[in-house]
Amino acid sequence: MRGLVLAAAGVIALAAASLFVGVSDVTIGTILSGSSDEATQVLLVSRIPRTFALVLAGAGMAVSGLILQMLARNKFVEPSTAGTAESAVFGMLMVTLLAPETAMLGRMLVAGVCALAGTVLFLGILRRMPLRSPLIVPLVGIMLGAVITASTEFVAYRFDMLQSVRAWETGDFSGVLRGRYELLWIGAALTAVAYAAADRFTVAGLGEDFTTNLGLNHRRVVSLGLIIVSLVTAAVIATCGMIPFLGLIVPNLISLMRGDNMRLSLPWVALFGAGLVLACDIAGRLVIRPYEIPIGTTMGIVGSAIFLYLLLRKNRHAA
Amino acid sequence: MIEVRNASKSYGETLVVDDVSITLPAGGVISLIGANGAGKSTLLSMISRLLPVPAGTVTVEGMDVTTTPGDVLARHLSILRQDNQMTARLTVRDLIAFGRYPHSKGRLTVEDQGHIERVIRYLELEAVAHRFLDELSGGQRQRAFIAMVLCQDTDYVLLDEPLNNLDVKHAVAMMKLFRRTADEFRKTIILVLHDINFASCYSDRIVAMRNGRIAHQGPPEDIITPCVIRDVYGVEANIHEIDGKRVALYFR
């Protein structure tokens, strides 16, 4: 419990830092003295929404990865290695092309439904595969994702939409403004639902037979989990684009430290996800000031390094 | 009482359970024996609703296992299959605590804690209770799984080859524990066993399967005979009686 309080304090500190890092000069002094109306505006319209978005998206994506790993019973699965994210992007493209007037919430729901369909397809393929080596599972997901991405980009190329597709594929928080990130609160609500159902997901992580033995309907638990994961992924992609590696590395790091009893580990995963996204975004804002590196890139670098460490460590552990 | 009526199940062309009808009375230790592929595990899975029952009916205490809500059944009957692969990193204590899920839905009461502590003590898991499952030996993990199922505290406990991975000492301790659970707590323990001598020494009743059918059933003295063992396994066995228990020697 003390550890959790410390972790929460760390996230709050990073969030506070995020408020005061950027091109415009926003400091506590300028805000309090009221000397600069512009600084207050920047804080309210850009910095606070951006910081909330970072925290919500980070926690949501990390928890989504955790849920998917429990349901697929595989440590290498996350929304971007299970066809979920790619399907959500496909949904965003379709709704933008076919019904461009749709409001943000509607777009997100269409993307969510597509994400759900893609993930169900992924799990369906897994069910039919005779040999389920742990490494084959994410490879199947990555291949499925590549096929979906290929169709997305073909359509996008035909209709001159490649730039939008790139924006959904690469996470970037620089465009987050007040009025354009609020969907992520839906993601936060869903993360809370995931916490309420944490025991069910842990039981599902023990396998279908254990789940049935303990009197739970496995199919129903999986459905609940997939709906949460799909909608959170869709909300994040619709607001700021895909954040790679997050759903993979955070649950794995926490699993090593705290185990997989989701009632205990989920708060850690959420806090760690939020903290990592905040740190990567702040770094992206500082490295080539006054310009920015999108979080898709910084997280790609940090994430792949941590992932390599986990892989090498895991092999040593297994041997 | 568990009643199986005309239950059948096939995988593709092969009939694995062939029109089985059997009544298993409540109370005591019942062992299911038979050669590999005789249909023991499939029958156990059908009784415990892990597999659908495509033909026939299975009732536990009068409840049809295919229609009774899963959470109701989970308070009357528990099942542990063999070969449990576990990717989730849980501590032994957390795993065992999940055995209480059908009763408390995750909010452990004082009574639940009592069950958990008692099972940990009975299975001598105190020293590893705080360790993660993936840090344990195969035998310790097997005992943790059995502990979880016993913690569920159901009237019927079904175990598919529970002695897997256990050394002689722990296998004997496990069988004694099943005996004690049946005698003291009036439970019905149904085991799939490969070691017919364990079945002989600890069961009240043995059910022998062959080719998806019930070939023989009865108390150990009726089943552990050269004739039945030849019929079920196709091997010649010498039967000796030691301390009032029948032991089959089939090593030559």
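Residues numbered from 1 in each chain as written. Chains lettered and ligands numbered in written order. Predicted model: local features only at pLDDT ≥ 70, side-chain atom pairs only at ≥ 80, totals over all residues.

(A) Representation of the UniProt feature "transmembrane region" (unreviewed entry) in chain A. Summarizing the sequence annotation, UniProt attributes the feature "transmembrane region" (unreviewed entry) to residues 48–68, 105–126, 135–157, 221–254, 266–287 and 293–312 of chain A in the numbering used throughout. This span, residues 48–68 of chain A, is 100% helix and 0% strand, and a straight line between its end C-alpha atoms measures 30 Å. (UniProt positions renumbered as here; feature names shortened; annotations may be inferred. Helix = DSSP H or I, 4+ residues; strand = E, 2+ residues; numbered from the N terminus.)

(B) Geometry of the packing of helix α4 (residues 84–98) of chain A against helix α5 (residues 104–128) of chain A. Residue and element names in this part refer to chain A. Relative to each other, α4 and α5 sit at 140 degrees, their axes nearing to 7 Å. Relative to α5, α4 is oriented oblique. For α4 against α5, the interelement crossing comes out right-handed. Taking contact as the criterion, the partners of Thr-84, Glu-86, Ser-87, Ala-88, Phe-90, Gly-91, Met-92, Met-94 and Val-95 in α4 are, on α5, Arg-107, Val-110, Ala-111, Val-113, Cys-114, Ala-115, Ala-117, Gly-118 and Thr-119. Its residues assigned to classes, the contact of α4 with α5 comprises 11 nonpolar, 5 polar and 2 charged. (Axes fitted to C-alpha atoms, helices over the stretch in contact; angles between N-to-C directions. Parallel < 35°, antiparallel > 145°, perpendicular 65-115°, else oblique. Left-handed = near helix turned anticlockwise from the far one by under 90°. Contact = placed C-beta atoms within 7 Å. Nonpolar A, V, L, I, M, F, W, Y, C, P; charged D, E, K, R; others polar.)

(C) How the structure looks around the nonpolar core. Ile237(A), Ile96(B) and Ala147(B) are the most contacted members of the largest nonpolar core, which totals 171 residues. Per-element tally for this core: the top contributor is helix α3 (residues 37–72) of chain A, with 15 residues. Residues within four places of Ile96(B) in sequence aside, it is in contact with Ile116(B), Val119(B), Ile120(B), Ala144(B), Ala147(B), Met148(B) and Cys151(B). (Core = buried A, V, L, I, M, F, W, Y, C linked by C-beta atoms within 7 Å. Buried ≥ 20, exposed ≤ 12 C-beta atoms within 10 Å, placed from the backbone.)

(D) The interface of chain B and chain A, seen in detail. At the junction of the two partners, chain B supplies 21 residues and chain A supplies 20 residues. Put simply, the parts of the chain that give the side of chain B that touches chain A at least two residues each are α2 (70–73), β6 (77–80), α3 (92–98) and α4 (101–104) of chain B. Sorting elements by how many residues they give to the side of chain B that touches chain A places α2(B) first, with 3 residues. Its residues placed into classes, the side of chain B that touches chain A shows 11 nonpolar, 5 polar and 5 charged.

(E) Molecular detail of the sheet that holds strand β5 (residues 63–64) of chain B. All names here are of chain B. What the 4 strands build is an open sheet, ordered β2-β1-β4-β5; its pairing is antiparallel. One side of each edge strand has no neighbouring strand; the edge strands of this open sheet are β2 (14–24) and β5. Relative to β2, strand β1 (residues 2–11) runs antiparallel, the two being bridged by 7 bridges. Residue Lys-9 lies in a different strand from β2, and its bridge partner there is Val-17. (Pairing = 2+ DSSP bridges.)

(F) Spotlight on the pairing of strand β9 (residues 205–210) of chain B. Residues and elements named next belong to chain B. Here 5 bridges tie strand β3 (residues 28–34) to β9, and the two strands are oriented parallel to one another. Note that in β9 the partner of Ile-33 across the bridge is Ala-208. Across 5 bridges, β9 lies against strand β10 (residues 213–218) in antiparallel orientation. Along β10, the bridge assignment pairs Val-207 with Gln-217. The antiparallel hairpin formed by β9 and β10 contains 2 residues in its connecting segment, where Asn-211 sits at a positive phi of about 50 degrees.

(G) A look at the environment of Tyr11(B). Relative to the elements of secondary structure, Tyr11(B) occurs in strand β1. On a C-alpha basis, the gap between Tyr11(B) and Glu124(B) in space is 40 Å, while along the polypeptide they are 113 residues apart.

(H) Summary view of the UniProt feature "domain: ABC transporter" (unreviewed entry) in chain B. Per the UniProt record, "domain: ABC transporter" (unreviewed entry) is annotated on residues 2–236 of chain B. Between the C-alpha atoms that bound residues 2–236 of chain B there is a distance of 33 Å. The span itself is 37% helix and 26% strand.

(I) Layout of the environment of Gly10(A). Take Gly10(A): it is sitting in helix α1 (residues 2–19). Each C-alpha atom of the pair Gly10(A) and Ile293(A) lies 23 Å from the other, and the pair is 283 residues apart in sequence.

(J) Structural context of the pairing of strand β11 (residues 238–242) of chain B. Counting buried positions over the 5 residues of β11(B) gives 0, only a small fraction of the element. As consecutive antiparallel partners, β11(B) and strand β12 (residues 245–249) of chain B are separated by 2 residues, and within that stretch Asp243(B) has a phi angle of approximately 50 degrees, a positive value.

(K) A look at unusual backbone geometry. In this chain, Arg289(A) is followed by Pro290(A) through a cis amide linkage whose omega measures 0 degrees. Looking at where Pro290(A) falls in the secondary structure, it is placed in the loop between α13 (262–287) and α14 (295–318). Phi at Asp19(B) takes a positive value of approximately 50 degrees, unusual for a residue other than glycine. With respect to the secondary-structure elements, Asp19(B) resides in strand β2. Not every positive phi belongs to a glycine, and Arg186(B) is a case in point at roughly 55 degrees. As for its position among the elements, Arg186(B) is in the loop between α7 (168–185) and β8 (188–192). Among the residues examined, Arg186(B) registers 11 C-beta atoms within 10 Å and is labelled exposed.

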